Structures are given as C-alpha cells and as structure tokens.
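Residue strings, one per chain:
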Amino acid sequence: MASTSARRVAASIAISVVLLACAVFAAGNIERNSAIHAGQQQQASQLLLTSMLDQETGARGYFETRRAVFLAPWYAGTAGFTAALATSRRLDSGDPALQQALDNQAQRSSSWHAAAQAEISRLLTAGQPPTVVQALSGKAAMDQFRAQNAAYSAELTQRRDASLALATWLAAGLVAALSVMLIVIGILISRRGARRENQRLKGQRELNELLQVSASEAESQLLLIRHVERIVPGAGAAVLNRNNSDDRLEPALGDNLEQTPLHGINTDQLRPRSCLAVRLSRAYERGPGEDPLLQCEVCGKLAGDVACEPLLVGGQVIGAVLVAHAKQLGDRDRVRIHESVIQSAPILANQRNLSLAERRAASDVLTGLPNRRAADETIKRMAAHAGRALSPLGVVLLDLDRFKQINDLHGHEQGDKALATIGQVLAATLRASDFAARYGGEEFVILLPDTDRKGSLDVAEKLRRAIERTNMPDIGVVTGSLGVACLPEDAVDPDALLRKADRALYAAKARGRNRVEAAQPSAAVDPRGSGELD
Ligand code: GH3
Ligand code: MG
Ligand code: MG
C-alpha cells in the first residue's frame, strides 16, 4: 500500500522531470531556430552577391559582344537581386547595424544597376559601344558592392555566433535552475516526512503511556477513540466489544453514542457476525458508493468512507474499532489506525480479563448475585457515602424459612434451584440503585441507599410477598423472614447496622416466620441473645 507522502514524492519527481525535459526541448528549439534563421540570412546575402555577379556578367558580355544572349543573365540577375533583397529584409530581426548594411548594398546596387541599364538601353537603340570611363566606373561600383556584401556577411556570422552562444547558456541555465528546484523540493519533502514521523511517534508513545496507567477497559477504549479521532481529524470512531456469552456485539460507552458513528444504529440487534471485520478477522473497508458482495451490517448503515479494524489478541477477535469519515480516508490514516488498534488490543484484553476475574471473585455462582465479600465492601462504601451525604441507608437481612426441610423433602438439587429463583426474584423486585447479595447458605442481604426505616420496611414487605407468591416447580411455596435496620436511626457503623438487622431477623423467626421485623432500640429482642445469624 503506497503511502500518500510516497505518492506525493513520486508526483513531484515526475513533474520536475517533465519540466526539465520541456526546458531542454525549448532550449534546443531556440538554438535550432536561431541557427536556421542565421543560415537563411547568410544564404540571402550570398544570393545578393551572386545575382549582382550575374548582372555584371550579362552586362559586360553584352557590351563586348553585342549579342543578345548575354542579356539573359542580366535580367535573371536583376530579378534574383530583387528577390534576395526582399528575403533579406524579411529575415531582418531589427538589428540597426545590419539594416544599415543592407540599405548600403541596396543603394550601391541600385545606382550601379541604373547606370548599366542606361548603357544597355543606349546600345540597344543607338548601337554605340561604352566608353572606357563608363566601364571603369561600373567596375569600381561593383567592387564597392562586393566589399559591402562581405562586411554584411561577416556581421551576420558574428550575430549568429552570439545568438547561438546565448541559446546554449539559456539551456544550461534552465537545466541548472530546475535541478536546484528539484533538490529543494526533495529536501522540503524529506523534512516534512521527518516532522510527520516525529509527530506520529509522539502520538503513539502518548497513547501507549496512558493505556498503561488507565484504570479500566472503558477508560482505555475512550483513550483509543480520542486518539484515533485526533490522528484522523474530522473522523468519528467507535469501539465494539464482542460478548461471546450473550452472542452480542456491544458498543463501548453505550450510554453516550450520540457523538459516535454508531448514532442512529440499533445496537441492540448487533451480533459478532454483524461486523465483517470481526467475522473476517481482518481490516474491512467500504468506500462511498461501493456495492460489496456482502454488506456489513454496521458499516453498511454509515455514510462516507468507513474503515473497521478488528481488535485481535492471540488470534481471537475481542471486538472492532470503527472509523468513519465523510471524506475519503487516506492510506496514511489507515496505517495509523491499524497501528493504534494493534497497540491497544492486548491492553484492552487484559483489562477485560481482569475485570471478569474480579467480577467472578465477587459474585455467587448459584444465584448470579454478588457474594458476601462484595456485600461487605459495598455496605462499607454505602455507609460512608450515607454519612457524608447525611442520607439514610436501609439494610434488610433475609433468611429462608425451614430450608433444611426443603432440602430433606425435595433434595439438595431442588434446594439449589429454589435459591437461584429467589436470586432472580430479588433482582427483579429491587430498583437498579439497590443492592442484593447472597450472604450465606440461604441468607441474603439487601442494601437500600437513600431509604429510611419506613421505606426499608415497605421494600422488605414487598420482597416477602414476592417470595411467597413465587411458585417453585416441584417444591411449591417458599417463604422468608426479614429483619430491617437503618442508618442513622439504628446504628452509626456498618457492623452495628448488620447486627441490628440480624436481631430483627431473629425476632421475625421467633414471631412465626414469613414476616418482616424492624430493629428495636434494645438488644432484648434477640431471643437467643447471640446477635449472630446461624
Ligand atoms: P429457619 O426457618 O429457622 O431458618 O430454618 P432453616 O431450616 O432454614 O434453618 P437454617 O437457616 O439454620 O438452615 C439453613 C439450611 O439451608 C441448611 C442447609 O441445609 C440449607 N442450605 C444452606 N446453603 C445451601 C445451599 O447452597 N444449597 C442448598 N440446597 N441448601 C443450602
Ligand atoms: Mg439460615
Ligand atoms: Mg433458614
């Protein structure tokens, strides 16, 4: 894949070579035209002389022999001279010295020709021979003409040499100027290339450094998106996460898709196979107006140019990075997107595995709810927040009634199923801001932020009814007893709060089970006096 800068360099070199060739051709042309012009001028000058010599031969022959045959070269020479003079004037390039030299020859020829013509006319009519004086004056005029013509020819030769030398220097100058231009272009291009390369390396280093210190996969994804949008100005980027357990392709930062290319796409419908980059395990691109054999369900819905890079780790595709641009993406853009994605993929995979391991360590396999460890951390966090915000925090402890019997009657496996169902009932009954965890065997803890005693008692009662109403297949009805305590009325720290809720739970057990009891101000409500759940 040729980079844009390589193409620019090639184009600049090609243009310079063409310019250089044009300059050499133009200089050669100037030189050739100059030589042709000078040659034509020389030829015309030669003709001036030969036509005068023809006239002289004709006139002299006629004077000496009186034979009309000699009048033929005379007339031919006369016509030749007129034509040669016209040619010389036409070829005249405006040089005053040459014009003067030509005028002198014309004058000399004209006066000599007039005298000779008068003599010939006189002989033709009167038959008298020319006098010695006339003959001598004709010869002197002819000699003068010869000298003028020789000077004119010499002048022409000198001019020709000068113009040829000028053309040669011009050609050499043009070639030298263009060569310098070529060198300057080369230096500028290489400097620009070096500057861009530095910028690229700086950007990649910055991304790498920040990815190393990012706290979560979501933060790393945001960094990658911002980095890609910075290296391709005007483009929008989005990350899609492959979720194999749910067979889904989920957008990263799913709550905030308005500013991303995925805005307007129904991402609930996306499966890993919806994205061709994920499916093919290689970069997939779709230019505007292209009609691919198989349309990508993600890129196909976007306008403009789209490049999609799979997030590949050890041959496994863990997602894809999608970059969309209203204009065309350049080769350089694609290379930079590719290297950024390659750089980020292993870090994103590590962070995902880590958070998965943390989630597993904090959750209960049977019910899918958070486990006791997670519950202890969460109650500490929520109690601290409630203290800072001066808001109440309700705690409900739930213990299923006579569960030993259920196990004995229906088997441990059925008991497990009942526990899993209770987990679902809790999750379905509570608000998203509430928290439910499996606290022990058949015991659950529910944390209710911003909920006072009355509110907590209402929620506990709601849960009790929901459990009671749930028909367990093969078991029938299961009930639970619930104890409720609240911050700040019943306790000031999480441990004391749990103890109070625990005592209330025992009160519920003591008062007949399948009921809700609130914490009492005195510890006397604990029928066993232990304050601990069994
Ligand atoms: P109570 O009404 O007084 O609470 O009676 P209970 O039988 O529920 O008494 P308790 O709470 O002391 O007994 C808990 C029983 O729950 C013991 C155990 O058989 C059962 N259990 C605890 N964990 C599990 C579990 O993971 N699976 C199953 N199937 N049973 C469990
Ligand atoms: Mg119990
Ligand atoms: Mg029990």
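Small disclaimer: the values here were computed from a predicted structure and weren't measured.

Visitor: Describe in detail the packing of helix α2 (residues 71-91) against helix α3 (residues 96-126), supporting the description with residues and values.
Guide: Between α2 and α3, the shortest axis-to-axis distance is 12 Å and the interhelical angle comes to 160 degrees. Relative to α3, the element α2 lies roughly antiparallel. Crossing of α2 against α3: the hand is left-handed. Across the interface between the two elements, Leu 71, Trp 74, Thr 78, Phe 81, Leu 85, Ser 88 and Arg 89 from α2 touch Leu 102, Asp 103, Gln 105, Ala 106, Ser 109, Trp 112, His 113, Ala 116, Gln 117, Ile 120 and Leu 124 from α3.

Visitor: Describe the pairing of strand β1 (residues 236-243), with residues and values.
Guide: The buried fraction of β1 amounts to seven of the eight residues, a majority that puts the element mostly inside the structure. Looking at chain direction, β1 and strand β5 (residues 316-325) are connected through six bridges and run antiparallel. Paired with Leu 240 across the strands is Ala 320, a residue of β5. With four bridges joining them, β1 and strand β2 (residues 248-251) adopt antiparallel strand pairing. Bridge pairing links Asn 241 to Glu 250 in β2. Between β1 and β2, which pair antiparallel and follow one another directly, the connecting turn spans four residues, one of which, Asp 247, has a positive phi of 50 degrees.

Visitor: Describe the side chain of His 227, listing the residues and the values that go with them.
Guide: Examined against the element boundaries, His 227 turns out to sit in helix α5 (residues 217-231). The residues contacting His 227, other than those within four sequence positions of it, are Gly 203, Gln 204, Leu 207 and Ser 340.

Visitor: Describe in detail the pattern of salt bridges, supporting the description with residues and values.
Guide: Across all of its chains, the model carries 27 salt bridges by this definition. Put simply, Asp 434 and Arg 431 hold a salt bridge, and the shortest N to O gap is 3.6 Å. Two residues, Glu 517 and Arg 515, come together in a salt bridge whose shortest N-O distance is 2.7 Å. Among the residues examined, Glu 517 registers a relative accessible area of 8% and is labelled buried. For Arg 515, a relative accessible area of 32% gives the class partly exposed. Residues joined in a network through salt bridges with shared partners are Glu 56, Arg 60, Asp 143 and Arg 146.

Visitor: Describe the site of ligand 1, naming the residues involved and giving the relevant values.
Guide: Taken together, 17 residues are adjacent to ligand 1, and Arg 402, Asn 407, Asp 416, Arg 438 and Arg 513 come closest. Backbone polar atom of Arg 402 to an oxygen atom of ligand 1: 2.8 Å apart, as the coordinates give it. Interatomic distance of 2.7 Å between a side-chain N/O atom of Asp 416 and a nitrogen atom of ligand 1. Every element with two or more residues in the shell around ligand 1 is listed here: β6 (393-400), α9 (403-410) and α10 (412-429). When residues in the shell around ligand 1 are grouped by element, the largest group, four residues, is from α10. Residue composition of the shell around ligand 1, grouped by class: three nonpolar, four polar and ten charged.

Visitor: Describe in detail the coordination of the magnesium ion (ligand 3), supporting the description with residues and values.
Guide: Here the magnesium ion (ligand 3) is held by Asp 399 (OD), Leu 400 (O) and Glu 442 (OE), and the distances to it run 2.1 to 2.3 Å. Coordination at the magnesium ion (ligand 3) is octahedral: its six donor atoms span angles of 79 to 175 degrees at the metal. In primary sequence terms, the donor set of the magnesium ion (ligand 3) follows D-L-x41-E. Between the magnesium ion (ligand 3) and the magnesium ion (ligand 2) the interatomic distance amounts to 3.4 Å, and Asp 399 serves as a bridging ligand to the pair. Taken as a pair, Asp 399 in strand β6 and Glu 442 in the loop between β7 (435-438) and β8 (443-449) lie far apart in primary sequence, 43 residues in all. By relative accessible area, Asp 399 is classed as buried at 7%.

Visitor: Quick rundown of the sheet that holds β8? Include the residues and the values.
Guide: One open sheet holds the five strands; their spatial order is β7-β8-β6-β11-β12, and the pairing between them is mixed. Each edge of the open sheet carries a strand with a single partner, namely β7 and β12 (516-518). Taken pair by pair, the neighbouring strands of this sheet meet at an average axis angle of 20 degrees, ignoring direction. In this sheet, β12 lies alongside strand β11 (residues 480-487) in parallel orientation, the contact comprising three bridges. Its bridge partner being in β12, Leu 482 is matched across the sheet by Val 516. Lying on the sheet, helix α12 (residues 494-510) is in contact with β6, β8, β11 and β12; it crosses β11 at an angle near 145 degrees.

Visitor: With reference to specific residues and values, describe α2.
Guide: Between the first and last C-alpha of α2 there are 30 Å, a value that for 21 residues agrees with the 30 Å anticipated at 1.5 Å per step. Buried within α2 we find Leu 71, Trp 74, Gly 77, Phe 81, Ala 84, Leu 85, Ser 88 and Leu 91.

Visitor: Summarise the packing of aromatic side chains; cite the residues concerned and give the values.
Guide: Tallied over the entire structure, the rule returns two aromatic pairs. Plain terms: the ring middles of Trp 74 and Trp 112 are 6.0 Å apart, the flat faces sit at 50 degrees to each other, and that makes the pair tilted. Pair noted here: Trp 74 is in helix α2 and Trp 112 is in helix α3, with a separation of 38 residues, a long-range link. Considered together, Trp 74 and Trp 112 belong to a single accessibility category, that of buried residues. Over the aromatic face of Tyr 439 sits the side chain of Arg 372, whose NZ or CZ is 4.0 Å from the ring centroid.

Visitor: Go over the sheet that holds β1 with me, naming the residues and quoting the values.
Guide: Strands sit in the order β2-β1-β5-β4-β3 across an open sheet of five strands; the sheet is antiparallel. Every other strand in the sheet has two partners, leaving β2 and β3 (284-286) as the edge strands with one partner each. For this sheet, the mean inter-axis angle between neighbouring strands, taken without regard to orientation, is 20 degrees. Sitting on the sheet, helix α7 (residues 331-361) touches β1, β3, β4 (305-313) and β5, and the angle it makes with β4 is about 40 degrees.

Visitor: Which residues make up the domain arrangement of the chain, and what are the values?
Guide: Domain boundaries in the chain define domain 1 (2-164), domain 2 (218-357) and domain 3 (372-530). When each unit is reduced to the centre of its C-alpha atoms, the spacing between domain 1 and domain 2 is 83 Å.

Visitor: Lay out the pairing of β11 with the relevant residues and their values.
Guide: Counting buried residues in β11 gives eight out of eight residues, a clear majority hidden from the surface. Across eight bridges, the pairing between β6 and β11 is antiparallel. Directly across from Val 395, in β11, lies its bridge partner Ala 485. Handedness of the crossover joining β11 and β12 through α12 is recorded here as left-handed.

Cut-offs and rules
- Residues numbered from 1 in each chain as written.
- Chains lettered and ligands numbered in written order.
- Predicted model: local features only at pLDDT ≥ 70, side-chain atom pairs only at ≥ 80, totals over all residues.
- Heavy atoms only, no water.
- Axes fitted to C-alpha atoms, helices over the stretch in contact; angles between N-to-C directions.
- Helix = DSSP H or I, 4+ residues; strand = E, 2+ residues; numbered from the N terminus.
- Parallel < 35°, antiparallel > 145°, perpendicular 65-115°, else oblique.
- Left-handed = near helix turned anticlockwise from the far one by under 90°.
- Contact = heavy atoms within 4.5 Å.
- Buried < 20%, exposed > 50% of the residue type's maximum accessible area, 1.4 Å probe, protein only.
- Pairing = 2+ DSSP bridges.
- Salt bridge = Lys/Arg side-chain N within 4 Å of Asp/Glu carboxyl O.
- Near = heavy atom within 4 Å.
- Polar contact = N/O pair within 3.5 Å; in protein donor to acceptor, adjacent residues only side chain to side chain.
- Nonpolar A, V, L, I, M, F, W, Y, C, P; charged D, E, K, R; others polar.
- Donors = N, O, S within 2.8 Å, 3.2 Å for Na, K, Ca; no water.
- Tetrahedral: all angles 85-135°; square planar, octahedral: opposite > 155°, others 65-115°.
- Expected span 1.5 Å × (residues − 1).
- Phe/Tyr/Trp six-rings, centres within 6.5 Å; stacked < 30°, edge-to-face > 60°.
- Lys NZ or Arg CZ within 6 Å of the ring centre and 35° of its normal.
- Domains from an automatic or database assignment.
- Right-handed = clockwise from strand over helix to strand, strands pointing away.

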